[in-house]
Amino acid sequence: MEHLKIASDNYVAFTFFIGTMAMMAASVFFFFELNTTPTKWRTSVLVSGLITFIAAVHYYYMRGYNLETGDSPTFFRYVDWILTVPLMCVEFYLITKKAGAKQGLLWKLIFASLVMLVTGYFGETIYRGSSVTWGVISGAAYFYIVYLVWFGEVSKLAQTAGPQVAKATKTLAWFVLVGWAIYPLGYILGTPGGLFGIQLVADPAAASHYMDIVYNIADAVNKIGFGLVIYSLSRTQD
Ligand SMILES: *C/C=C(C)/C=C/C=C(C)/C=C/C1=C(C)CCCC1(C)C
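Residues numbered from 1 in each chain as written. Predicted model: local features only at pLDDT ≥ 70, side-chain atom pairs only at ≥ 80, totals over all residues. Heavy atoms only, no water.

J.: Which residues make up the side chain of S72, and what values go with them?
T.: By the element assignment, S72 lies in the loop between α2 (39-69) and α3 (74-97). Separated by 2.9 Å, the side chains of S72 and D212 make a polar contact. Leave out the neighbours within four places in its chain, and S72 touches Y65, S208, M211 and D212. (Helix = DSSP H or I, 4+ residues; strand = E, 2+ residues; numbered from the N terminus. Polar contact = N/O pair within 3.5 Å; in protein donor to acceptor, adjacent residues only side chain to side chain. Contact = heavy atoms within 4.5 Å.)

Here it is in structure tokens:
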């Protein structure tokens, strides 16, 4: 069996390994804690575990792919996001459901997240030449989600759902506003034309390395952080 060496300054591989382990550990934690989770929060905590579990499996693949080819595993990355980001939308729906959230809201969130990711994928892969246009469309869908969770239906429902749900929703909204904003940063670093034609990193190989590191950090913060907010909500009296 061949052993692949990892250079000590290979931060891309480092973040893929640490990402894999962190997602695995978080999944084990959420799944085992289900036992002692009150029934009404069980689905929410289960979904937290599913998000990190799906990511753990993809990270396992991405880590291996990156190690063997040295390339950016864009395909696996987007498959992972297309599964996990809608599940994060489900979390917003589940915690505001008791306050009257309708399925229509869930579909709005899911639809916006799919538009955001599919157009982002186009800009990163098939239509790299017009990455700015696709990035802008993706950004518009992103801001629509930000609007829904900060000022729209999600935030209005959360305010009538009790202080703990309101507080948790606000924290999750911060994740969406700040934590999710890290992704367009990775996109800007990694795609040609970068930010409205300005190329931030000239060397394409270096650019894709920066992009992977930024995405890996963002995934760990957002997926595990999001899950922990839901977990602590499940430990309150609301
Ligand atoms: C667990 C994975 C998460 C939370 C992924 C979130 C991804 C985004 C918020 C991506 C957003 C993008 C833009 C807003 C514009 C450029 C293209 C994307 C897809 C990187």
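Having seen it, we continue.
J.: Please give an account of the packing of α2 against helix α9 (residues 204-234) that cites residues and values.
T.: Look at α2 against α9: their axes get within 9 Å of each other, and the N-to-C directions meet at 160°. Our classification of the angle between α2 and α9 gives roughly antiparallel. Crossing hand, α2 versus α9: left-handed. For the pair α2 and α9, contact is made by W41, S44, V45, S48, I51, T52, A55 and Y59 and by Y215, N216, D219, K223, I224, G227, I230, Y231, L233 and S234, respectively. Residue composition of the contact of α2 with α9, grouped by class: 10 nonpolar, six polar and two charged. (Axes fitted to C-alpha atoms, helices over the stretch in contact; angles between N-to-C directions. Parallel < 35°, antiparallel > 145°, perpendicular 65-115°, else oblique. Left-handed = near helix turned anticlockwise from the far one by under 90°. Nonpolar A, V, L, I, M, F, W, Y, C, P; charged D, E, K, R; others polar.)

J.: Go over the site of the ligand with me, naming the residues and quoting the values.
T.: Taken together, 17 residues lie near the ligand, and V85, M116, S138, Y183 and K223 sit nearest. Burial of the ligand by the protein chains amounts to 99% of its free accessible area of 530 Å². More than half of the atoms belonging to the ligand lie within 2 Å of the grid points that define the largest pocket. Secondary structure elements with two or more residues in the shell around the ligand: α3, α4 (103-124), α5 (131-150), α8 (182-190) and α9. When residues in the shell around the ligand are grouped by element, the largest group, five residues, is from α3. (Near = heavy atom within 4 Å. Areas by Shrake-Rupley, 256 points an atom, 1.4 Å probe, with all protein chains shown as cover. 1 Å grid on protein atoms, 1.4 Å probe; cavity = no way out; pocket = protein on both sides within 12 Å on 5 of 7 lines; lining within 4 Å. Sits in = over half its atoms within 2 Å of the grid points.)

J.: Residues and numbers for the side chain of T119, please.
T.: The residue T119 is located in helix α4 in this model. Under the relative-accessibility criterion, T119 is labelled buried at 8%. Sequence-distant contacts of T119, defined by excluding residues within four places in its chain, comprise W134, I137 and S138. (Buried < 20%, exposed > 50% of the residue type's maximum accessible area, 1.4 Å probe, protein only.)

J.: Could you give an account of the environment of D219, with specific residues and numbers?
T.: The topology assignment puts D219 in helix α9. Among the residues examined, D219 registers a relative accessible area of 0% and is labelled buried. With 150 residues separating them along the chain, D219 and T69 place their C-alpha atoms 22 Å apart. The residues touching D219, leaving out its near neighbours within four places in the chain, are M23, Y59, R77, D80, W81, Y183 and I224. A distance of 2.6 Å separates polar atoms of two side chains, one belonging to D219 and the other to Y183.

J.: Describe the environment of G194, and please don't skip the residues or the numbers.
T.: Here G194 is to be found in the loop between α8 and α9. Owing to a relative accessible area of 6%, G194 belongs among the buried residues under this scheme. Along the sequence, G194 and L50 sit 144 residues apart, while their C-alpha atoms lie 33 Å from each other. Setting aside anything within four residues of it in sequence, one finds G194 in contact with V132, I188 and Q199.

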